[in-house]
Amino acid sequence: MSDHRRELGNRGETLAATILASRGLEILDRNVVVGGGEVDLVVRSGRQRVVVEVRSVRGRLRIDERLPAAKLRQVSSLAAFLGIHRVDFVGVAFGPRGIDVHWLRDVATG
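A brief report on the enclosed structure follows. Because the structure is predicted, anything quoted here is derived from the model rather than measured. (Residues numbered from 1 in each chain as written. Predicted model: local features only at pLDDT ≥ 70, side-chain atom pairs only at ≥ 80, totals over all residues. Heavy atoms only, no water.)

All right, on to the pairing of strand β2 (residues 37–45) then. The sheet contact formed by strand β1 (residues 26–34) and β2 spans seven bridges and is antiparallel. Across the sheet, Ile27 pairs through a bridge with Val43, a residue of β2. The loop that links β1 with its antiparallel partner β2 comprises two residues; one of these, Gly35, has a positive phi angle of about 55 degrees. The antiparallel hairpin formed by β2 and strand β3 (residues 48–58) contains two residues in its connecting segment, where Gly46 sits at a positive phi of about 65 degrees. (Pairing = 2+ DSSP bridges. Helix = DSSP H or I, 4+ residues; strand = E, 2+ residues; numbered from the N terminus.)

Here it is as structure tokens:
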């Protein structure tokens, strides 16, 4: 991964964590290595732990392109390994007119 891509991802994760915390979620951990993968954020929402996949892009965010089924299955599997059954998605687009953020709750599939 290039340094620019890594920096973009870190900026998106930091922004996502800040937004989720401002909405009452507790950030428990970031960049958790699980088996052969990594979970971007683990948060607490009330009494429930949640895995959050963060996708950061330059330009426009198209959810259907940024949350492919294979990635969703992988993140859901990693979450299950951690004993977590809810997966949220936060998409962050850094565009010429500002920053666009989308938070989708409970995107995990069986």
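All right, on to the pairing of strand β4 (residues 87–95) then. The element β4 is largely enclosed, with a buried count of eight among its nine residues. Bridging between β3 and β4 involves eight bridges; their strand directions are parallel. Note that in β4 the partner of Ser56 across the bridge is Val92. Relative to strand β5 (residues 98–104), β4 is paired through seven bridges, and the arrangement is antiparallel. When the bridges of β5 are listed, Gly95 appears paired with Gly98. (Buried < 20%, exposed > 50% of the residue type's maximum accessible area, 1.4 Å probe, protein only.)

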